[in-house]
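# Working through the structure, step by step
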Amino acid sequence: MSAILESSAIIESFKSHAEAVSAQVQRVATKQMALELIARLLHEEGVDDKPKCHAVWAACPLVGPAERQALERAVPGLTFDVTRELAAEAKAGISQMDWALADTGTLVQDATEVAKRLVSTLPPLHIAILSTAAVLPDLAAVVQRIDPLKSPYLSFITGPSRTADIERVLTIGVHGPERLIIILVDDLEVAA
Amino acid sequence: MNKEFKQSIVNALANPNLGGALGRFSEAYRVGRAKAYEGIDFESLRTSVAEIKSAAAAHLDELAEKFTQAAEARGTKVFRTDSPQAVKDYILRLAQKHGVKSVVKSKSMASEEIHLNKHLEQAGIEVRETDLGEWIIQLAHQTPSHMVMPAIHMTKEEVTDVFNENVEAGQTPDIAKLVRFARGKLRPKFLQAEMGITGANIAVADTGSIVIVTNEGNARLVTTLPRIHVAIIGLEKLIEHFGDITPILTALPRSATAQLLTSYVTIVSGPVPNTDGTPKELHIILMDNRRNEMAHDPRFKQALQCIRCASCLNVCPVFRLVGGHVFGKVYTGGIGTILTAWFGALKESDEIQSLCIQCGNCKDVCPGKIDIPDLILELRRRLAVEQGQPLMQKAIFSVVNNRRLFHAMIRAASVGQAPFAKQGFIRHLPMFLSSMTDTRSLPAIAEVPFRDRIQKIQQPKCAEKAAFFSGCLVDFAYPEMGEAVVKVLNKAGIEVVFPEGQTCCGAPARYSGAYEVAAQNGADNIRALLAEDVKYVVSACPTCTVALKQDFIANLEAVGRTDELPAARQLAEKVVDFSTLVNQLLDGGRLKFKPGIEPAKFTYHDSCHLKRTLRAEQTPRKLMKQAGYELVEMEESDMCCGMGGSYTIKLPEISAPILERKLMNIEKTGAPLVLIDCPGCVMQIGGGLDKRGSEIKVEHTAQRLLECLD
């Protein structure tokens, strides 16, 4: 019981810290619900099979071959074949994260595969999928779990891209995504 | 002081945007930083950071070698060099070999340090800064004014003009639109560039990893889209173990921008796939440029503990008035002064080191635990040794150290009888009687100095004795403070003696870099004070107290007079600041407050040395509250008042607005009384309030305590 309470406090802490830096956080019980939610979000964003209306999704454990087919059918304009050209013009990028840090609201990912980097850097919206069980308390906890020798490109993402370089006024969305939606999935296995 | 430098200060002060933007930022930063560190033990965190960094600084060569091996084992090309020119040549050759026409950069101070952009541009390569602030100053042909926020000195209107003139006409001063415009204009540059150049915040020797901390996301694009990635890293970024990134990443964003973590932290530990599937060309340049030499300097090796958060700029009362450009072209603020002296040349720091008022704010917030004010004094000392002591300074100290002559001269000057008063000599005397009194009135110089007045005080004969160290201000300007100290101690059954042989505490000489003079002051005082059989040595001036407790030792050490150190330490043990002593006496039941004291409001100004060196700033507050007074805290109570010894005379342009802000904060409390533990601050603040015709009273805590004690 206490472990459950503790983990729910960690999730709450993660959510509030992520929201404090302008990320949106949603939590779903099942993988299926996560896929449906993302499909709905992409529709709402106007993702379509027209130029500059694509969405790019970096291959991830949540999406097997069957899910991939279903999604591609359900959301025209969504592709799992990520190229730099498509990512540069896409409306949204989707990827799965490996860990998260509760005390800062941070997502952590081994982004060695270039597709993972493209979908979370170039489009204006990044949808990040995360196993609820992958939320760790803090930086020290994740530093113990990651191995830079196995993961030559590690990304820590805390909220959307931001700047305060003009008159110290906080402005969201400079070179990276303007919006970050985090989807916590309860029955998703921890990836790493 | 050279005219050009003075002019740069005057220009900066005349720029209302600069003062406004920096002033607002420094206020917000103070609050934001405190919030970001909530729940974190800053002292233990910064002890970890300092230990990690100092251990690394002690083994720079070894770590560089280890880093090289680890990185090369994974296919990274590592180039290590001492020479900035070699860095530039290497990058240019690499660019030419690969037919690079355009380069995108994310922020790199190391590349600023070596003026890389110019070198590449002269060879016909387009170099685009992509950090928004860096891009703006690149377009405006300026240099960064702040290590973390390079364009903080510009308004949105100025940025709009820069965009209109250099990129595309039609922009309007709407910050969100300007940012969007930058995104749109820089995006194609990221996609076109064949080479990306970054710096790094940390380099891990064990794993050959580099850690890049950003908010905008530009570093992720720079390390992903171009085929070649070059990272230029100063050797001081090396640490040994991967796990050691945790304390640094905990401190850096909190101290830099009051964030819990920046939007992005990127850790690159080897070549990764490019977008076309080929492996990236990853080049890491480990640049020395005197860092190893610094690591071998017993004093300055500490500066390698810097994690470049720039918090020393953000809390500096001088920086927030003048901004970074007065400091130089690359590194700015407190740590910047030190880095400029090393990465440039010692003499380049000659003017900028004088900007430091020695308030110690930066030392308190430095996450690398660097004693920046002390290192700036050390620069001053080395400059003084290199250039020799000016004749004027010699003449001044010969007067200052002869107490009776000094008193006679300033007394004569103060009543307008001395011919030399008009010749300017008096203006060079430490702390006193500047003719530049636009912002504050000066105290009258007492006709009879305290050293003579104390003889007339009827003291009880007591077995327990204390020696009083007056310092210049109490001796010559505020003898009533000294009398208060004597009378309070008498109430506790302590007799106070005044060792006649005491002289200047040496602070003016020390703060001018004249350590030989300061050490001699210390030696003379040690002899005079140890000659008396006393239990305590007490002063009403925190700067003098710090001198007696710490600086005598440091000054003697600095000039190699080590055989006198035991006596200096013996003296230091007897020294106690006045409030702390009163507190002890109250606790011991030897003093008590009068009953039924009428509750009155007061506000309290923290003197720099009392708070940040002696750490005794809570005691006077506690004592007055115990007496029945009500404390109304002012904003920024621990911000320097602008006195800084002779600073008021050397840089009155800066001292005056610092005082102005202090007076405003005092007035805002509505309290009719300001208590202060330092006669220098009393002189500055009291003089400022008097000049304004204010009714607010300014007193040394000792004076008010005397009234309250039974």
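Here the residue numbers are simple positions, counted from 1 along each chain's written sequence. Throughout, the order in which chains and ligands are written sets their labels, letters from A for the former and numbers from 1 for the latter. Per-residue local features of the predicted model are confined to residues with pLDDT of at least 70, and side-chain atom pairs are confined, for both listing and counting, to 80 or more; whole-chain, interface and lining totals are unaffected and use all residues. The basis for the side-chain values is all heavy atoms of the structure; hydrogens and waters are excluded.

What follows is about the packing of aromatic side chains. All names here are of chain B. Only the six-membered ring of Trp is used, alongside the rings of Phe and Tyr, when aromatic pairs are assigned; centres must lie within 6.5 Å, and planes under 30 degrees apart are stacked while those over 60 apart are edge-to-face, with the rest tilted. Summed over all chains, the structure comprises twelve aromatic pairs over all chains. Judged by centre distance (5.9 Å) and plane angle (65°), the rings of Phe 450 and Phe 498 are edge-to-face. Residue Phe 450 is located in helix α21 (residues 450-453), and its partner Phe 498 is located in the loop between β12 (494-497) and α24 (507-511); the two are separated by 48 residues in the primary sequence. The two residues Phe 450 and Phe 498 agree in class, both being buried. Their ring planes at 70° and their centres at 6.1 Å tell us that Phe 602 and Tyr 629 sit as a pair that is edge-to-face. Placement of the pair is Phe 602 in strand β15 (residues 601-605) and Tyr 629 in the loop between α30 (618-627) and β16 (630-631), with a sequence separation of 27 residues. Both residues of the pair, Phe 602 and Tyr 629, belong to the buried class. Three or more aromatic residues link up through ring pairs in this structure, and these residues are Trp 135, Phe 163 and Phe 181. Directly above the ring of Phe 42 sits Arg 33, whose terminal nitrogen or CZ lies 4.7 Å from the centroid. Over the face of the ring belonging to Phe 343 we find Arg 291, whose NZ or CZ atom lies 4.0 Å from the ring centre. Numbering goes from the N terminus for both helices and strands, where a helix is a DSSP run of H or I of at least four residues and a strand is a run of E of at least two. Exposure categories follow from relative accessible area, calculated using a 1.4 Å probe and restricted to protein chains: below 20% of the type maximum is buried, above 50% is exposed, and the middle band is partly exposed. Cation placement over rings: the criterion is NZ of Lys or CZ of Arg within 6 Å of the ring centroid and within 35° of the ring normal.

Another point: unusual backbone geometry. We note that Lys 52 of chain A has phi near 65°; this positive angle belongs to a residue other than glycine. Mapping Lys 52 of chain A onto the fold places it in the loop between α2 (31-44) and β2 (55-57). Taking the relative accessible area as the measure of exposure, Lys 52 of chain A reaches 53% and is therefore exposed. Phi is positive for His 141 of chain B, close to 55°, though the residue is something other than glycine. The class for His 141 of chain B is exposed, based on a relative accessible area of 72%.

Right, let's get into helix α33 (residues 679-691) of chain B. Taking 1.5 Å per residue, 13 residues should reach 18 Å; α33 of chain B reaches 17 Å between its end C-alpha atoms and fits that length. Across the 13 residues that make up α33 of chain B, a large majority, eleven, are buried. Multiply 1.5 Å by the residue count of a helix minus one, and that product is the helix's expected span.

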